[in-house]
Amino acid sequence: MLAEAGTVLLNNAVDLITLLRRPEITYAHIERISPSPLELTDEIKEQVEIQIKYEGYIEKQLAQVERLRKMEKKKIPDDIRYEEVHGLASEAKQKLAKIRPVSIGQASRISGVTPADISILLVYLEHYNQVLAARGS
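Only a predicted model underlies this, so the values are computations on that prediction, with no experimental measurement involved.

**Q** Is there a simple way to explain the overall build of the protein in this structure?
**A** For the protein, the helix and strand inventory stands at eight helices and zero strands. Beginning at the N terminus, the succession of helices and strands in the protein can be written as α-α-α-α-α-α-α-α. Computed over the C-alpha atoms, the radius of gyration of the protein is 25 Å, more than 25% above the 14 Å expected from 2.2 N^0.38 for a compact globule of 137 residues. Projecting the C-alpha coordinates of the protein onto the three principal axes gives extents of approximately 70 × 30 × 30 Å. A buried classification covers 23% of the 137 residues belonging to the protein. In the protein, the share of contacts with a sequence separation of at least 24, taken over all contacts with a separation of at least 6, comes to 46%. For the protein, the computed accessible surface area is about 9,800 Å², with 56% contributed by carbon and sulfur atoms. Of the charged side chains in the protein, 19 are positive and 20 negative, and the gap between their average positions amounts to 9 Å.

Definitions and limits used
- Residues numbered from 1 in each chain as written.
- Predicted model: local features only at pLDDT ≥ 70, side-chain atom pairs only at ≥ 80, totals over all residues.
- Heavy atoms only, no water.
- Helix = DSSP H or I, 4+ residues; strand = E, 2+ residues; numbered from the N terminus.
- Rg over C-alpha atoms; globule rule 2.2 N^0.38 Å.
- Buried < 20%, exposed > 50% of the residue type's maximum accessible area, 1.4 Å probe, protein only.
- Contact = heavy atoms within 4.5 Å.
- Areas by Shrake-Rupley, 256 points an atom, 1.4 Å probe, with all protein chains shown as cover.
- Lys, Arg positive; Asp, Glu negative; His and termini not counted.
- Charge placed at Lys NZ, Arg CZ, Asp CG, Glu CD.

So this is what it looks like as structure tokens:
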């Protein structure tokens, strides 16, 4: 069946989930090897196949969504002076000063502001917040 599906033959035993992750293998192939004891609709079979084949990709996307959510929570103070942030590209300083984003997430979506600029801004904000905390105590 593997040769018929156009996939590499097995040298060792693998579970059915590992087999289904192969692009050439479909749920129908798995059913031929091990029929389900349950009566599943075609839609459910398709969803099982999609979930298994794209599990890694889906996990990466969910992690990215979580990172973006956290970036939206990181607020940028209104009084920040971008020209004082050493290491920011000139274009980033200009655009950030003009747009005045309210969060790191918003800043990261500005054209011309690179991931490196965001990293520098995060380090600067950490230092900025420490200085404010020291003044407050």
